[in-house]
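Chain by chain, the residues run as shown.
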Amino acid sequence: MTRVALRAVALTYLALLLVLPVGLIVWRTFGAGLGPFVDSLTTPSALHAFGVTVVVAFWAVLANTLFGVGVSLLLVRHSFPGKRLLGAFIDLPMAVSPVVVGLALVLVYGVGSPLGRGLASAGIQVIFSIPGMVLATVFVALPLVVRAVVPVLQELGEDQEQAAHTLGASRWQAFRRITLPGIRGALGYGVVLAIARSLGEYGAVAVVSGRLVDRTQTMTLFVEERFGNFDQQSAFSAATALALIAIVILLLTKVLRPKGAV
Amino acid sequence: MAIEVRGVNKSFGSTPVLSDVSVDVRSGALTALLGPSGGGKSTLLRVIAGLEQPDSGTVRISGVDATRLSPQRRNVGFVFQHYAAFKHLTVFRNVAFGLEIRKRPGAEIRRRVRELLELVHLEQFADRYPHQLSGGQRQRMALARALAVEPEVLLLDEPFGALDAQVRRELRTWLRRLHDEVHVTTVFVTHDQEEAIEVADDLVLLADGRVKQAGRPHVLYDDPADTFVMSFLGPVTRLDGQLVRPHDLELSVDPVPAGVPATVSRVVRLGFEVRVELVVDGQEAYAQVTRRTADRLGLDPGAPVYVRRSPEARGAAVAAG
């Protein structure tokens, strides 16, 4: 009996929180057929927002993958003063609200700061432009790759790498031939999570982008802006598209996740 | 000398692990680094391989100062206790790894790997992955992988430590035969004195980060430098304030010259040999005698006997500390 009750509670909880809202969005999106859905997603603004999202997510994920693997190796394979502090800092983006991240970036890179003015005079505009949005996205998705890779790297141990060294492999050869295949699954999982986070990021990007339509508008910003302008069809269509992408990514993580995990 | 270690010191943090260690390893010999756990033997092996840097001292391999060389350039084969098998590569690719790194031609790699897999009796497992092998097979694969690069010296860190007793005995006999075939200078770490004495040409006994004694196994057994070496290498008992081997003790019913009166407290028959527990001067001791001797003397608990160190005994007695 208790099992049935527990199941019912869990399912109701999920239904109210997840299935019903997402279902309603999908229903609203396709309420008038597939035509309006396609039309509202192929407007120049929607396509531009999609393009911006992909560009920002691409650079952010690339940066986080390289940085994530590097920091993971540093945290697991080396000991140095301040290591625990670094480990704690990696998790900071999980604790800090993305809006705060956005404001902090504006403070550092905006035209109000010497650094921002310097960069601007060199012709590089960070805030209200793509570089700032990439920075913000990198920041919020920072821990995902590191936290996926670190435990696997620890479990892998150093023996295989050392064996490769004694067999004549350089550091790079040992990394590429031994370490990388060993962490491939975890790295893939971390990267997919980082992609999902980067595509869906709203708060930090909203602050640093300035929400300039057709210039710095991402998909999430597009949804919010359309909704605010009573263009519900576009808002729901874009939201559905985002949700579909998320579902595909979710399925990918199920494939890439280490076996045995739920 | 294939390996000359001179005055090596190494600490982890404030804990000294090796203190002024000097060791010579003969070319072509099979040398055992023997000692209790935590004695520094694995660290010494890793210093020789370049996997640890000594705080001071030098390591020469084949006459070349290798102290500051990276493991990559030392041309040593290293076999890890837990195999360190490359899990994502087949047995063939594991063994081929060092040759692939050295960019040898494909045909040569295939020929050489086949030879090595035959040598370690794994030829039919070439396409398996390490997780499909037993522990003993994995360790043989690791050995073939280390031998593939034709190392100047082969270093084995507790190679049979993770295996069960039966496989362990088989593998050490096999290792001895393999060494007689391949003749590569080999150093292996073990805490098992029986394994060391059975397999090795030379022993280096390490404890508390220091070399206690080095030399041929029988020399260390019969002529130990101190009580520690004596008790580490084999069974010991006390008689007259001296440490002696129990099989060097002679029992008799009638008084003999230098014989000490004792009382039998227990007789334990262990197959072909008999362990006679004694009380000498209120102190416990024991003698190891053959079944025939025990039967001849008719030993029973409570019987008075005379015990002395056999005049023919080869082993030395060491004053107990």
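Residues numbered from 1 in each chain as written. Chains lettered and ligands numbered in written order. Predicted model: local features only at pLDDT ≥ 70, side-chain atom pairs only at ≥ 80, totals over all residues. Heavy atoms only, no water.

Examining the overall build of chain A
Where we set the bar: Counting from the N terminus, the helices are the DSSP runs of H or I reaching at least four residues and the strands are the DSSP runs of E reaching at least two. Under the scheme applied here, a residue whose accessible area is under 20% of the maximum for its type counts as buried, over 50% as exposed, and between as partly exposed, the area being computed with a 1.4 Å probe on protein chains only. Any pair of residues with heavy atoms lying within 4.5 Å of one another is described as a contacting pair. Using a 1.4 Å probe, accessible areas were evaluated by the Shrake-Rupley method; residue-level cover was limited to the displayed protein chains. Charge counting treats Lys and Arg as positive and Asp and Glu as negative, with His and both chain ends excluded. We put the charge of a Lys on NZ, of an Arg on CZ, of an Asp on CG and of a Glu on CD.
Within chain A one finds 13 helices and 0 strands. The order of helices and strands in chain A, counted from the N terminus, is α-α-α-α-α-α-α-α-α-α-α-α-α. Evaluated residue by residue, chain A yields a buried proportion of 40% over its 262 residues. By sequence separation, contacts in chain A at least 24 residues apart represent 72% of the contacts at least 6 residues apart. Here chain A has roughly 14300 Å² of accessible surface; of this, 72% comes from carbon and sulfur atoms. Distance from the positive charge centre (19 side chains) to the negative charge centre (11 side chains) of chain A: 7 Å.

A word on the nonpolar core
Residues and elements named next belong to chain B. Threshold: Among the buried residues, those of types Ala, Val, Leu, Ile, Met, Phe, Trp, Tyr and Cys that are joined through side-chain atoms within 4.5 Å form a nonpolar core.
With 45 residues, the main nonpolar core has Val95, Leu143, Leu154 and Leu203 as its most contacted residues. Excluding its chain neighbours within four sequence positions, the residues that come into contact with Leu143 are Val79, Leu154, Leu156, Trp174, Leu175 and Leu178. Core analysis: the second largest hydrophobic core is formed by 39 residues, Val23, Ala84, Val153 and Val204 among them.

Comments concerning helix H8 (residues 130-156) of chain A
Residues and elements named next belong to chain A. Keep this limit in mind: By this rule the span expected of a helix is its residue count minus one, scaled by 1.5 Å. Here the bend at each residue means the angle between axes fitted to two seven-residue stretches, the one ending at that residue and the one beginning there.
Taking 1.5 Å per residue as the helical rise, H8 with its 27 residues ought to reach 39 Å, and the 38 Å between its terminal C-alpha atoms agrees with that figure. Bending of H8 peaks at approximately 45 degrees at the position of Ala141, with proline Pro143 no more than four residues after it. Downstream of H8 by one or two residues, Gly157 has phi in the positive range, about 75 degrees.

What to know about the interface of chain B and chain A
Keep this limit in mind: A pair is scored as a salt bridge if a Lys or Arg side-chain nitrogen falls within 4 Å of a carboxyl oxygen belonging to Asp or Glu. Polar contact is the term for a pair of N or O atoms within 3.5 Å; when the atoms are in protein, one must be able to donate a hydrogen and the other to accept it, and sequence-neighboring residues count only if both atoms are side-chain atoms. We call Asp, Glu, Lys and Arg charged. Ala, Val, Leu, Ile, Met, Phe, Trp, Tyr, Cys and Pro are nonpolar, and the rest, Gly among them, are polar.
Of the residues lining the interface, 21 residues belong to chain B; the matching set on chain A comes to 15 residues. Taken together, the connections running from chain B to chain A amount to 1 salt bridge. At the junction of chain B and chain A, the tally comes to 5 residue pairs in polar contact (both at pLDDT 80 or more). Within the residue set of the side of chain B that touches chain A, elements represented by two or more residues are strand S6 (76-79), helix H2 (91-101) and helix H4 (135-148) of chain B. Ranked by the residues each element gives to the side of chain B that touches chain A, the list is headed by H2(B), at 4 residues. Looking at the side of chain B that touches chain A residue by residue, the class counts come to 12 nonpolar, 3 polar and 6 charged.

Some words on the pairing of strand S1 (residues 3-12) of chain B
Residue and element names in this part refer to chain B. Condition: Here the rule is simple: two strands pair whenever DSSP picks up at least two bridges between them.
Bridge count between S1 and strand S4 (residues 56-61): 5 bridges; the pairing is antiparallel. Along S4, the bridge assignment pairs Ile3 with Ile61. Of the pairings in the sheet, the one linking S1 to strand S2 (residues 15-25) comprises 7 bridges and is antiparallel in character. Residue pairing across strands places Phe12 opposite Thr15, the latter belonging to S2. In textbook terms, the turn of a hairpin is the stretch between consecutive antiparallel strands, and for S1 and S2 this stretch comprises 2 residues, one of which, Gly13, has a positive phi near 65 degrees.

Here's the deal with the sheet that holds strand S10 (residues 210-215) of chain B
Residues and elements named next belong to chain B. Heads up, the condition is: Inter-axis angles, ranging from 0 to 180 degrees, are taken between N-to-C directions of lines fitted to C-alpha atoms, where helices are fitted over the stretch in contact.
The strand order across the open sheet formed by 6 strands is S6-S7-S8-S3-S9-S10, and the pairing between neighbours is mixed. Each edge of the open sheet carries a strand with a single partner, namely S6 and S10. Going across the sheet, the axis of each strand differs from the next one's by a mean of 15 degrees, ignoring polarity. Strand contacts of H4: S6 and strand S7 (153-157), with the helix running at about 170 degrees to S6, the strand carrying the most contacts.

Quick word on a nonpolar patch on the surface
Residues and elements named next belong to chain A. Applied cut-off: Any residue with relative accessible area above 30% and no salt bridge may belong to a patch, with like charges joined within 9 Å and the nonpolar Val, Leu, Ile, Met, Phe, Trp and Tyr side chains within 5 Å.
On the surface, a cluster of nonpolar side chains totalling about 1000 Å² of accessible area is made up of Leu11, Tyr13, Leu14, Leu17, Leu18, Val19, Val22, Val26, Phe30, Leu34 and Val38. Taken together, the elements giving at least two residues each to the nonpolar patch come down to helix H1 (2-29) and helix H2 (34-41). It is H1 that provides the largest number of residues to the nonpolar patch, a total of 8 residues.

Here we look at the environment of Ser40(A)
Residues and elements named next belong to chain A. Checked against the element boundaries, Ser40 lands in helix H2. Among the residues examined, Ser40 registers a relative accessible area of 6% and is labelled buried. Each residue touching Ser40, except ones within four places of it in the same chain, is listed here: Ala46, Gln233, Ser234 and Ser237. At 3.1 Å, the side chain of Ser40 and the backbone oxygen of Phe37 are in polar contact.

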